[in-house]
Amino acid sequence: MPDTPRPALPIPGDGGIDAVAGETNKENGSMDFESVIHGRRSIRAYKPEPVSEQVVREILDQARWTPSWRNTQAWSVWVVMDEALSRLRAEFQAAIADGAPTGLDLRTTTEWPAACSLRTAQLMATRAASLEAAGEPSDPAAALERMANFFGAPCLIVVGFDDCLAEAYASYDIGAFVQSVCLAAHNRGLGTCIAATIVRYPDLLRRLLPGAENTRMVIAVTLGVPDLEAAANTFVRARADLDEFVSWVR
């Protein structure tokens, strides 16, 4: 893969911006900001084309300017590629097959506000309909199998923080950092998917990733060239209207 910015790629299935991911700046190959924000989506199917280390470095070099609490920049990042990615994928799949117990390092909730649960249900239904229309399975087992293959991505970025840090603010900073990674990748025509399921075996990650012994694993991000014909990448997305979650105080 060339080590230069890639042109914008078409992202079908999103109304006004679904035909083309964004207008490309002819001078530097980048998109305008609004196109980057609106065109980015979670990519759950990738082409086998590799992503070079140089391109990943450039993406992370942009993301390192993400703001953090008192400029602590407390994120720890592992880029997993090539043989290491194959080993991690194999061990992840074996853990699932063996029924190994899962346990995220961060606290999770089982109860969501009704509006949040409804949005999740709508997403799952829309995605399932797209997969079924393409003749692909949409059941939870099939979804986990695709996730265990990291959606075929040639690169995985794992992000965590030192165990001594306060969970709330360290997680907040990592969320901002990961968003920067995803936007920088999309700006290059690459796809990403932010996946908590991939860190569901944190002890496995601590064993395989160098220097991760005292790290709390927060999230993983798949990275690669999106397969724009895949049903998992073409369903129409939705977002809540501003008035559903914004209160104007004057």
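In what follows, the structure referred to is the one given above.
Rules of the game
- Residues numbered from 1 in each chain as written.
- Predicted model: local features only at pLDDT ≥ 70, side-chain atom pairs only at ≥ 80, totals over all residues.
- Heavy atoms only, no water.
- Phe/Tyr/Trp six-rings, centres within 6.5 Å; stacked < 30°, edge-to-face > 60°.
- Helix = DSSP H or I, 4+ residues; strand = E, 2+ residues; numbered from the N terminus.
- Buried < 20%, exposed > 50% of the residue type's maximum accessible area, 1.4 Å probe, protein only.
- Axes fitted to C-alpha atoms, helices over the stretch in contact; angles between N-to-C directions.
- Parallel < 35°, antiparallel > 145°, perpendicular 65-115°, else oblique.
- Left-handed = near helix turned anticlockwise from the far one by under 90°.
- Contact = heavy atoms within 4.5 Å.
- Nonpolar A, V, L, I, M, F, W, Y, C, P; charged D, E, K, R; others polar.
- Pairing = 2+ DSSP bridges.

Asks: Sorry if this is basic, but what is going on with the packing of aromatic side chains here?
Replies: Two aromatic rings are characterised by how far apart their centres lie and by the angle between their planes. Considering all chains together, one arrives at four aromatic pairs under this definition. On the basis of an interplanar angle of 70° and a centroid distance of 5.4 Å, the ring pair of Phe92 and Tyr201 is categorised as edge-to-face. Taken as a pair, Phe92 in helix H3 (residues 82–97) and Tyr201 in the loop between strand E3 (191–195) and helix H7 (202–208) lie far apart in primary sequence, 109 residues in all. You can call Phe92 buried: its relative accessible area is 2%. On the basis of relative accessible area, Tyr201 is assigned to the buried category, the value being 9%.

Asks: Any chance you could explain unusual backbone geometry here in plain terms?
Replies: Both trends apply: most residues other than glycine have a negative phi, and most peptide bonds are in trans. Of note, Asn71 is a non-glycine position whose phi angle comes to about 60°, a positive value. Here Asn71 shows up in the loop between helix H2 (53–63) and strand E1 (75–81). Residue Asn71 is classed as exposed on the basis of its relative accessible area of 54%. Phi is positive for Asp82, close to 55°, though the residue is something other than glycine. Structurally, the position occupied by Asp82 is in helix H3.

Asks: Any chance you could explain the packing of H2 against helix H6 (residues 167–187) here in plain terms?
Replies: When two helices pack together, their arrangement is given by the angle between the helix axes and by the axis-to-axis distance. Here H2 crosses H6 at 135°, and the two axes come no closer than 8 Å. Here H6 runs oblique to H2, going by the angle between their axes. Considering the relative orientation of H2 and H6, their crossing is right-handed. Facing H2, whose interface residues are Ile59, Leu60, Gln62 and Ala63, H6 presents Phe177, Ser180, Val181, Ala184 and Ala185. Class assignment of the residues belonging to the contact of H2 with H6 gives a composition of seven nonpolar, two polar and no charged.

Asks: Any chance you could explain the environment of Met31 here in plain terms?
Replies: As for its placement among the helices and strands, Met31 is situated in the segment before helix H1 (33–39). On the basis of relative accessible area, Met31 is assigned to the buried category, the value being 8%. A sequence separation of 155 residues divides Met31 from His186, and the C-alpha atoms of the two residues are 9.0 Å apart.

Asks: Whenever I open this one, the sheet that holds strand E2 (residues 155–162) confuses me. Can you help?
Replies: Sheets are built from strands that pair by backbone hydrogen bonding, the pairs being arranged parallel or antiparallel. One open sheet accounts for four strands, arranged E1-E2-E4-E3; its pairing is antiparallel. What marks the edges here is a single partner per strand, and that holds for E1 and E3. Taken pair by pair, the neighbouring strands of this sheet meet at an average axis angle of 25°, ignoring direction. One ladder, built from five bridges, connects E3 with strand E4 (residues 215–224); its direction is antiparallel. Bridge pairing in E4 places Ile194 opposite Val221.

Nothing here speaks to function; it is all geometry.
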